Amino acid sequence: MRLGVLRAMERMTEMVKAMQRMRSDPPSPEFLSLLQVKFAVDCVLQAPDIVTLSSALYRFATEWLLRLGEQSLDQAPPPPNSVPPRALAAMPEHIVYDAATFLIFMARFGPKKLINGASVDYVGILAARFSGNGSWVKNAGVRTHVMEALMQISPILSPETESLAATLFRQPWMIRELPNALVRLYVDVEHTGDANQFYAKFSSRHMIALLLKYIWNIPGYTETIRSLCRSNAEQYLAFINMIINDATYLLDEVFEKLSEIKEFQESEANGSFASLPEETREERAGAFRQAERIAESVCSLSNETITMIKYLTADDEVQRIFLRPEMIDRVAAMLNYFLLEL
């Protein structure tokens, strides 16, 4: 799978991105040539036998990993810092990554094939039982990739898989374990060891925030979060602390980029931009376009972070974490700062 189907899926994804950049009216011969290749590859990668057998393979691999971990869905998950059994620890983590890669591809390019019978509950098991445990799956990138697969089959990104997601997200073990896995991963992506971890964490946390917002309105999940706040307040304290850190940085970044955009627009309006040398104009125009792109991205990230604060603080049980003595001054300082900026 890793050298055949999955490699073809990765190349197909890269090709589709290239085609999106090449769109024109009328379409270029190169675009039409790639389109023919895409249709031909689709026929192979989305063939019913390929989808069914691949799903069965990853379902089996997930159950095998559970058995190696001496676990079952009927029992509580292991503690977050527990040492995995040697047999599980010896397994390469790309098994988990590959399972998520397959489902991400199918949810993007062939969601109807998933609805037509392929088993996808394995990604729920990987997300709820494995991605929340940094001792079982050490690579935060692999854990985040699994959560991306979970989001791909949710109505957040794939309305066509809504019925499929409705069944998966209402499984008792998902309601019991997924919220804690999301909270743990939100905290753990702060330090991944990657060179670009500072910026990558915002992308990961944006995805986690979207999943939390989705499950918040599904019966059972809110009560699970309340229970976890009571039983594991320190973990949720770290979670809330990260949310406040992110909100402060992201909104500050939004204000900075909006100021740059406003300054450029004013220079165009008053004619000072036109009087600059051509090379300077090109540099400032490029900086303006980059500021617009960054502002759009950061606004999206900050909106989800603020939305998360909004619904979490609306619940009396969860709200108590924000009102703890060690947090209340930080929350007040953040709110006062942004009220003054606005």
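Residues numbered from 1 in each chain as written. Predicted model: local features only at pLDDT ≥ 70, side-chain atom pairs only at ≥ 80, totals over all residues. Heavy atoms only, no water.

Asker: Provide a residue-level description of the overall build of the protein chain, including the pertinent values.
Answerer: Counting its regular elements, the protein chain contains 16 helices and zero strands. Seen through its C-alpha atoms, the protein chain measures out along the principal axes to roughly 70 × 65 × 35 Å. When the 342 residues of the protein chain are sorted by exposure, 47% land in the buried category. When contacts within the protein chain are restricted to residue pairs at least 6 apart in sequence, those whose partners lie at least 24 apart make up 75%. Summing over all exposed atoms, the protein chain offers an accessible surface of approximately 17800 Å²; the carbon and sulfur share of this is 55%. One way to put it: in the protein chain the 34 positive side-chain charges average out to a point 5 Å from where the 42 negative ones average out. (Helix = DSSP H or I, 4+ residues; strand = E, 2+ residues; numbered from the N terminus. Buried < 20%, exposed > 50% of the residue type's maximum accessible area, 1.4 Å probe, protein only. Contact = heavy atoms within 4.5 Å. Areas by Shrake-Rupley, 256 points an atom, 1.4 Å probe, with all protein chains shown as cover. Lys, Arg positive; Asp, Glu negative; His and termini not counted. Charge placed at Lys NZ, Arg CZ, Asp CG, Glu CD.)

Asker: Account for the nonpolar core, with residues named and values stated.
Answerer: If you look at the biggest cluster of nonpolar residues, it comprises 95 residues, and the most contacted ones within it are Met147, Leu150, Phe169, Leu178, Phe239 and Leu312. Looking at this core, the element that brings in the most residues is helix α13 (residues 233-269), giving 11 residues. Excluding its chain neighbours within four sequence positions, the residues that come into contact with Leu178 are Ala127, Ala128, Met147, Leu150, Phe169, Trp173, Ile215 and Tyr221. (Core = buried A, V, L, I, M, F, W, Y, C linked by side-chain atoms within 4.5 Å.)

Asker: Quick rundown of helix α16 (residues 325-341)? Include the residues and the values.
Answerer: The terminal C-alpha atoms of α16, which comprises 17 residues, lie 25 Å apart, in line with the 24 Å expected from a rise of 1.5 Å per residue. Each element contacted by the buried residues of α16 is listed here: α13, α14 (278-313) and α15 (316-322). (Expected span 1.5 Å × (residues − 1).)

Asker: Report on the side chain of Ser131, specifying residues and quantitative values.
Answerer: Within the secondary structure layout, Ser131 lies in the loop between α7 (121-130) and α8 (140-152). Judged by its relative accessible area of 1%, Ser131 is buried.

Asker: Tell me what's going on with the confidence of the model for the protein chain, and back it up with residues and numbers.
Answerer: Within the protein chain, residue pLDDT values average 85, and 96% of them lie at 70 or more. Averaged pLDDT values for the elements of the protein chain fall to 74 in helix α6 (residues 111-115) and rise to 92 in helix α10 (residues 172-188). (pLDDT = per-residue confidence, 0-100.)

Asker: Describe the side chain of Gln71, naming the residues involved and giving the relevant values.
Answerer: Take Gln71: it is sitting in the loop between α3 (48-68) and α4 (86-89). In terms of polar contacts, Gln71 uses its side chain to reach the side chain of Arg129, at 2.8 Å. The contacts of Gln71, once residues within four sequence positions are left out, are Leu66, Ala76, Pro77, Pro78, Arg129 and Trp136. (Polar contact = N/O pair within 3.5 Å; in protein donor to acceptor, adjacent residues only side chain to side chain.)

Asker: Explain α8 residue by residue, including any values.
Answerer: Helix length check: α8, at 13 residues, gives a terminal C-alpha distance of 18 Å against a target of 18 Å (1.5 Å per residue), a fit within 8%. Counting buried positions along α8 yields 11 of 13 residues, so the element is predominantly enclosed. If you check which residues of α8 are buried, you get Ala140, Val142, Arg143, Thr144, His145, Val146, Met147, Ala149, Leu150, Met151 and Gln152. Where α8 starts, the residue carrying a side-chain oxygen 2.7 Å from the main-chain nitrogen of Gly141 turns out to be Asn139.

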